[in-house]
Amino acid sequence: MSPAARAATLQARRSARFVAWVRAWRAGLVPCDDAAAEISGDEEHMVSDVPGTWTDVSLAAALPSLSKLHPDEVRLVLPAPGDPRGLPGPGPFTGAALVAGEGVIAGGLGFVPEVRLHTSGSGDEFETVRWQVFSLPVERPAAHEPTTAEAEAELSAELVTATRTLAKLDIAQWRPELAGAIEAIRKPDGATDLPPGYDPRARRLYARASILDRVLALAEHAAPGGAVNGYEVQQRDAALRPLTTACRRALVAACNAPLL
């Protein structure tokens, strides 16, 4: 698959959309069915181990299990190796969220998405999403999250630093075909929109971080541009690592921001 084709199908983080739309639903700003539809998009989403069920259920059937939650009880976590911020401590949810790189804390439940690739009889590939539900400990450490203003400033600063470092190394010029990939990501597709209830700063931060997050994910699968040796590749990775962290923190701050 070419970079442009891959970018056209690259998804914004599913847990981010889950949190944003469930919080809007719990605030009474959108119907439950609309929230489920916005989270799923054109994918099939099933949920395993919802309390009171004995088999996988649709996302629309699973969301009512969260009907008693306050919006602030629904939180996005985007952990990474060495950066477990937001996680409730050791346990099955934490392990699964670290492997997936994302997860949702919703009251006493945790949700982690698993993307499954299928091939139809005609050879077409398509994805389905299975959300695994975990029970969370009653007592959890308080989450220390940046405000949208703090996350926006951090993201801007890291973007400037990364750009300067990459330009100095002369490896910022990606392969020509990646230009089409980035353009495909930037096309409006609803993936960078937050539901009603979020203020303009959160919306701006989410849109910016979502696009950058997808570009960085695409870059991980691309050749190292103008880098000609292992040292320069390591330098590029070192320059992008703080930017990737700032991008994750920006998504968390935007999705978990107080609703109006």
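Refer to the structure above for everything that follows.
One structure accompanies this document, and this report is about it.

## Comments concerning the pairing of strand 4 (residues 103-106)
Here is step 1 of the chain: Both faces of strand 4 are covered, namely the face carrying Gly 103 and Ile 105 and the face carrying Val 104 and Ala 106.
Here is step 2 of the chain: In the sheet, strand 3 (residues 74-77) pairs with strand 4 via four bridges, with the strands oriented antiparallel. Across the sheet, the residue bridging to Val 74 is Ala 106, located in strand 4.
Here is step 3 of the chain: The pairing of strand 4 with strand 5 (residues 109-119) spans three bridges and is classified as antiparallel. Looking across to strand 5, one finds that Ala 106 is bridged to Leu 109.

## Comments concerning empty space enclosed by the protein
Here is step 1 of the chain: The tally for this structure, following the rule as stated, stands at one cavity of 30 Å³ or more.
Here is step 2 of the chain: If you add up the space inside the largest cavity, you get close to 170 Å³.
Here is step 3 of the chain: What lines the largest cavity is a set of 14 residues, and nearest its centre among them are Arg 85, Gly 86, Glu 145, Arg 249 and Val 252.
Here is step 4 of the chain: For the lining of the largest cavity, the secondary-structure elements that each account for two or more residues are strand 3 and helix 9 (230-255).
Here is step 5 of the chain: At three residues, helix 9 tops the list of elements feeding residues into the lining of the largest cavity.
Here is step 6 of the chain: Of the residues belonging to the lining of the largest cavity, the class tally is seven nonpolar, two polar and five charged.

## Describing the pattern of salt bridges
Here is step 1 of the chain: All chains considered together, the criterion is met by 13 salt bridges.
Here is step 2 of the chain: In this structure, Glu 152 and Arg 204 form a salt bridge, with 2.8 Å as the shortest nitrogen-oxygen distance. In this pair, Glu 152 is assigned in helix 6 (residues 148-169) and Arg 204 in helix 8 (residues 200-220), connecting sequence segments 52 residues apart.
Here is step 3 of the chain: We classify Glu 152 as buried; its relative accessible area is 14%.
Here is step 4 of the chain: With relative accessibility at 43%, the residue Arg 204 sits in the partly exposed group.
Here is step 5 of the chain: The structure contains a network of salt bridges with shared partners spanning Arg 14, Glu 43 and Glu 127.

## A look at the nonpolar core
Here is step 1 of the chain: With 54 residues, the main nonpolar core has Phe 18, Val 47, Leu 63, Leu 66, Phe 111 and Leu 155 as its most contacted residues.
Here is step 2 of the chain: Element by element, the count of residues in this core is highest for helix 9, at ten residues.
Here is step 3 of the chain: In this structure, Val 47 is in contact with Thr 55, Asp 56, Val 57, Ser 58, Leu 59, Ala 62, Phe 111, Trp 131 and Val 133, ignoring residues within four places of it in sequence.
Here is step 4 of the chain: Core analysis: the next-biggest nonpolar cluster, separate from the first, contains eight residues, Leu 87, Phe 93, Ala 97 and Ile 105 among them.

About the cut-offs
- Residues numbered from 1 in each chain as written.
- Predicted model: local features only at pLDDT ≥ 70, side-chain atom pairs only at ≥ 80, totals over all residues.
- Heavy atoms only, no water.
- Buried < 20%, exposed > 50% of the residue type's maximum accessible area, 1.4 Å probe, protein only.
- Helix = DSSP H or I, 4+ residues; strand = E, 2+ residues; numbered from the N terminus.
- Pairing = 2+ DSSP bridges.
- 1 Å grid on protein atoms, 1.4 Å probe; cavity = no way out; pocket = protein on both sides within 12 Å on 5 of 7 lines; lining within 4 Å.
- Points joined across faces, edges and corners; volume = space filled by probe spheres on them.
- Nonpolar A, V, L, I, M, F, W, Y, C, P; charged D, E, K, R; others polar.
- Salt bridge = Lys/Arg side-chain N within 4 Å of Asp/Glu carboxyl O.
- Core = buried A, V, L, I, M, F, W, Y, C linked by side-chain atoms within 4.5 Å.
- Contact = heavy atoms within 4.5 Å.

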